[in-house]
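# Observations on the three-dimensional arrangement
Each chain, written out:
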Amino acid sequence: MIKIMGAALVIACTGYAGMARARKYALRPRELRSLQSALQILETEIIYGATPLPEAMEQVAARTERSIAFLFKQAGKELLSKTGCTVKEAWDRALEKFAARTILEDSDLRILRQLGNSLGMSDRQDQEKHLHLAMEQLRLEAASASEKAKTHVKLWNYLGFLTGLLLVTVFY
Amino acid sequence: MELMGTGTKEKLNSYHPVFSVLPGNLRELVAGLPLQFMDRLEEIRLRQNRPLIVTHTAGDIYLSPAGEPTRHPGNAYIVSGDDIQRVTRMVSNSSLYAIEEELKNGYITLPGGHRVGITGKAVLEAGKVKTIKYISGFNIRVSREVKGIADNILPYLLDKDGRVKHCLIISPPRCGKTTLLRDLVRLISNGKPELNYTGVNVGLVDERSELAGCYRGVPQRDIGLRTDVLDACPKAEGMMMLLRAMAPQVIATDEIGKVEDIKAMEEVVNAGVTVLSTVHGSSPEEIMRRPALKYLLGLNVIEKFIILGRSRGVGTVEDIADGTGFLFGGVDK
């Protein structure tokens, strides 16, 4: 009896781990797309509204999905702290906190980090260029992420359970 | 008349908006200044790769890396490119793209009415300055609010019916004309029971946001209970807008000089509204040499000139002259 329960537990655990991995693949394209639309909102605020960056960040945070909003909310908060840091430092700090809780990959975060170099500190045309570049890069990442999702989601969903089964059959 | 009081804790706090645009290391340097110096602080000058200089009422000094005032440039703290970058981000609220209009004019105003002058490389478009690139220098000017300095002046500006006379404050730069105008506006707006004067509606066109120190349209300085402020509005247009919409008895602006400003003033005077303004110069004779102002004086409407100087410290009232007296050749005290 205990043996059967143990076996079931092993299969459940590996199965769950597999599904979690699959979920990550499934979510990433979606997160990348909301990140793109977040930058789109930021662009509108900067180019058409000439909204100061801290306020623009808050606007973006209020109008995007919660998982992405965290980054912009944090960035807005960092910018408003009167510590005399540069925009890049504030943005990097926000990114660091964001990295700890996002499913996005390092390559995605690198695009955002790159954006921090130019954020805020030039005229509108220049801001537009940099934002477009980042959005384009995110679009490419999103495309390859959905490609990957197609195969990997199914793969990991099965792989977890199958690994469990394998373990059980070997050690039973 | 001296504008400066003695150092108090309260005053120190009111400088905070200025210090908050400095990065931590510079803030520490400047905050270490002795209290009596702080009290007379006028400017903080930052020029990339050159010494940090602070200006007070009696001159300027360098600051050493330890924050000690020094007379020797060799011992001074040298402002780095990194410092400049950080100040740029602080004064622009992280958004250079949002202050393009201000950069064109070469300065921006901080919350509280403190003005920051900016230098660097000008970028031109169709022969006009489009923006400033490679920002390399700042002049952070401490703006003061000194209530009560206009107390002794107001009686000169009231006629026997209690109407405010058309008045022009003439002063060289950094002699306290903005401070005086702000206090005059406050008094004219609030009224003064001792003089049996009840106060009237004042329209204030604050093109450079220095007088009322508006933040998001709300005045941060005490400019009186009956004062309506048009913040960041061009003077000539603003005067007409106020005249049409706000029924002011007095319209006040800072630093007139352009032809369209004078035209608008003429319009205001003809509508039976009192004008109150300041102008750069040191005497009525001197400003007569500027064509636009000559035209204004030629209209013979300005009733009082207040002439400021620094002979006994910032904000010394050198003279209060009658407009007509001046035009007849003599300056009537």
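All of these numbers come straight from a predicted model, not from anything done at the bench.

Reports often express the size of an interface as the amount of accessible area lost when the parts come together. Counting residues at the interface gives 18 residues for chain B and 24 residues for chain A. Both sides of the chain B and chain A interface together cover about 1,700 Å² of buried area, and 50% of this is carbon and sulfur. Its largest share of buried area at the contact with chain A, chain B owes to B:R86, B:R89 and B:Y97, together 41% of the area lost on that side. Counting the contacts that link chain B with chain A gives three salt bridges. B:K130 serves as the salt-bridge partner of A:D123, at 4.0 Å between the closest nitrogen and oxygen. Counting across the interface, chain B meets chain A through nine residue pairs in polar contact (both at pLDDT 80 or more). For the side of chain B that touches chain A, the secondary-structure elements that each account for two or more residues are helix 3 (24-31) and helix 5 (81-91) of chain B. Looking at the side of chain B that touches chain A, the element that brings in the most residues is helix 5 of chain B, giving four residues.

Moving on, we come to a nonpolar patch on the surface. Residues and elements named next belong to chain A. Among the surface-exposed residues, V10, L166, L167, V170 and F171 lie close enough to one another that they form a single nonpolar patch of about 490 Å² accessible area. Broken down by element, the residue count for the nonpolar patch peaks at four residues, all from helix 6 (residues 124-171). You can see L167 is positioned in helix 6.

All names here are of chain B. Of all eleven residues that make up helix 5, eight are buried, and the element is covered over most of its length. All of the buried residues along helix 5 are D83, I84, R86, V87, T88, R89, M90 and V91. Positive backbone phi, at 55°, marks N93, one or two positions downstream of helix 5.

One pass over the full model with this rule turns up one aromatic pair over all chains. For the pair A:F72 and A:W91, a centre-to-centre distance of 6.0 Å together with 55° between the ring planes defines the contact as tilted. Of this pair, A:F72 sits in helix 3 (residues 66-80) while A:W91 is found in helix 4 (residues 87-99), placing the two residues 19 residues apart along the sequence. The exposure class of A:F72 is buried, given its relative accessible area of 0%. Over the ring of A:W156 we find A:R21, and its NZ or CZ is 4.6 Å from the ring centre. Over the ring of B:Y107 we find B:R115; its NZ or CZ atom is 4.3 Å from the centre of that ring.

A separate point is the nonpolar core. All names here are of chain A. L39, L42, L53, F72, W91 and L119 are the most contacted members of the largest nonpolar core, which has 40 residues in total. At the level of secondary structure, the elements contributing two or more residues to this core comprise helix 1 (2-47), helix 2 (53-62), helix 3, helix 4, helix 5 (106-116) and helix 6. Broken down by element, the residue count for this core peaks at eight residues, all from helix 1. Ignoring sequence-local partners within four residues, the contact set of L39 consists of F72, L115, L131, A134, M135 and L138.

This brings us to the packing of helix 4 of chain A against helix 5 of chain A. Residues and elements named next belong to chain A. Axis separation between helix 4 and helix 5 bottoms out at 9 Å; the angle between their running directions is 165°. Comparing the axis directions of helix 4 and helix 5 gives the class roughly antiparallel. Helix 4 and helix 5 meet at a crossing whose hand is right-handed. Listed contacts from helix 5 to K88, W91, D92, L95, F98 and A99 of helix 4 are L109, L112, R113 and G116. Taken together, the residues that form the contact of helix 4 with helix 5 break down as six nonpolar, one polar and three charged.

As a further point, take the pairing of strand 8 (residues 167-171) of chain B. Residue and element names in this part refer to chain B. Burial analysis of strand 8 places five of its five residues in the buried class, which makes it a mostly covered element. The alternating pattern of strand 8 places C167, I169 and S171 and L168 and I170 on opposite faces, both of which are buried. Two strands pair when backbone bridges link them, and strand 8 and strand 12 (residues 274-280) are joined in this way by five bridges, in the parallel orientation. Across the sheet, residue I170 finds its bridge partner in strand 12, namely V279. Alignment of strand 8 against strand 13 (residues 304-309), held across four bridges, turns out to be parallel. From the neighbouring strand, C167 faces strand 13, where its bridge partner is K304.

Criteria and thresholds
- Residues numbered from 1 in each chain as written.
- Chains lettered and ligands numbered in written order.
- Predicted model: local features only at pLDDT ≥ 70, side-chain atom pairs only at ≥ 80, totals over all residues.
- Heavy atoms only, no water.
- Contact = heavy atoms within 4.5 Å.
- Buried area = accessible area lost by both parts, 1.4 Å probe.
- Salt bridge = Lys/Arg side-chain N within 4 Å of Asp/Glu carboxyl O.
- Polar contact = N/O pair within 3.5 Å; in protein donor to acceptor, adjacent residues only side chain to side chain.
- Helix = DSSP H or I, 4+ residues; strand = E, 2+ residues; numbered from the N terminus.
- Patch = residues over 30% accessible without salt bridge, like charges linked within 9 Å, V, L, I, M, F, W, Y side chains within 5 Å.
- Areas by Shrake-Rupley, 256 points an atom, 1.4 Å probe, with all protein chains shown as cover.
- Buried < 20%, exposed > 50% of the residue type's maximum accessible area, 1.4 Å probe, protein only.
- Phe/Tyr/Trp six-rings, centres within 6.5 Å; stacked < 30°, edge-to-face > 60°.
- Lys NZ or Arg CZ within 6 Å of the ring centre and 35° of its normal.
- Core = buried A, V, L, I, M, F, W, Y, C linked by side-chain atoms within 4.5 Å.
- Axes fitted to C-alpha atoms, helices over the stretch in contact; angles between N-to-C directions.
- Parallel < 35°, antiparallel > 145°, perpendicular 65-115°, else oblique.
- Left-handed = near helix turned anticlockwise from the far one by under 90°.
- Nonpolar A, V, L, I, M, F, W, Y, C, P; charged D, E, K, R; others polar.
- Pairing = 2+ DSSP bridges.

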